[in-house]
Amino acid sequence: MNKKIILTYALRVLGVILVLVYFFGGSLVFNLFPGLEGKSLNPVFYVGVLFYFAGAALYYLFNRQDRKSRSPGEDRK
């Protein structure tokens, strides 16, 4: 597998993890970082969504370039 494609999957997984932390791990974050108590976790959510969309957009661009470089008769696997 190409390193670029692995990077896109890593970005998307990190984005999903950050969004899940926002929804389900608020108490965990506040226990690990007590200085954040009383602060909003909205930036965690937005950064997670940003990472996910960046990974998806990069995957689309890399996959599009890969499709263009293939010959029309080549099998897709």
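Since the model is a prediction, treat every value here as computed from it, not as a measurement.

Q: I'd love a proper account of the packing of aromatic side chains, names of residues and values included.
A: Applying the stated criterion across every chain, the model contains seven aromatic pairs. Plain terms: the ring middles of Tyr-22 and Phe-45 are 5.0 Å apart, the flat faces sit at 45° to each other, and that makes the pair tilted. Taken as a pair, Tyr-22 in helix H1 (residues 3-24) and Phe-45 in helix H3 (residues 42-69) lie far apart in primary sequence, 23 residues in all. Between Tyr-52 and Phe-53, the aromatic rings sit 6.1 Å apart at their centres with planes inclined by 75°, giving edge-to-face as the arrangement. Judged by relative accessible area, which is 55%, Phe-53 ranks as exposed. Three or more aromatic residues link up through ring pairs in this structure, and these residues are Tyr-22, Phe-23, Phe-24, Phe-45 and Tyr-46. Just above the ring of Phe-62 sits the side chain of Lys-4; from NZ or CZ to the centre is 5.2 Å. It is Arg-12 that lies over the ring of Tyr-59; its NZ or CZ is 5.0 Å from the centre.

Q: Tell me about the packing of H1 against H3, and name the residues and values.
A: At their nearest, the axes of H1 and H3 sit 7 Å apart, and the two run at 160° to each other. Compared by their axis directions, H1 and H3 come out roughly antiparallel. Between H1 and H3 lies a crossing of left-handed hand. In terms of residue class, the contact of H1 with H3 is made up of 20 nonpolar, five polar and two charged.

Q: Could you give an account of a nonpolar patch on the surface, naming the residues involved and the relevant values?
A: Residues Val-16, Leu-20, Phe-23, Phe-24, Tyr-52 and Phe-53 make up a contiguous nonpolar surface patch of about 660 Å² in total accessible area. If you list the elements that add at least two residues to the nonpolar patch, you get H1 and H3. A per-element tally of the nonpolar patch places H1 first, with four residues. For Tyr-52, a relative accessible area of 33% translates into the label partly exposed.

Q: I'd like a rundown of the environment of Val-29, residues and numbers included.
A: Mapped onto the secondary structure, Val-29 falls in helix H2 (residues 26-32). Val-29 sits in the buried class, given a relative accessible area of 15%. The spacing of Val-29 and Leu-41 is 12 residues in sequence and 9.1 Å in space, taken between C-alpha atoms. Setting aside residues up to four positions removed in sequence, Val-29 forms contacts with Val-21, Leu-36 and Leu-41.

Rules behind the numbers
- Residues numbered from 1 in each chain as written.
- Predicted model: local features only at pLDDT ≥ 70, side-chain atom pairs only at ≥ 80, totals over all residues.
- Heavy atoms only, no water.
- Phe/Tyr/Trp six-rings, centres within 6.5 Å; stacked < 30°, edge-to-face > 60°.
- Helix = DSSP H or I, 4+ residues; strand = E, 2+ residues; numbered from the N terminus.
- Buried < 20%, exposed > 50% of the residue type's maximum accessible area, 1.4 Å probe, protein only.
- Lys NZ or Arg CZ within 6 Å of the ring centre and 35° of its normal.
- Axes fitted to C-alpha atoms, helices over the stretch in contact; angles between N-to-C directions.
- Parallel < 35°, antiparallel > 145°, perpendicular 65-115°, else oblique.
- Left-handed = near helix turned anticlockwise from the far one by under 90°.
- Nonpolar A, V, L, I, M, F, W, Y, C, P; charged D, E, K, R; others polar.
- Patch = residues over 30% accessible without salt bridge, like charges linked within 9 Å, V, L, I, M, F, W, Y side chains within 5 Å.
- Areas by Shrake-Rupley, 256 points an atom, 1.4 Å probe, with all protein chains shown as cover.
- Salt bridge = Lys/Arg side-chain N within 4 Å of Asp/Glu carboxyl O.
- Contact = heavy atoms within 4.5 Å.

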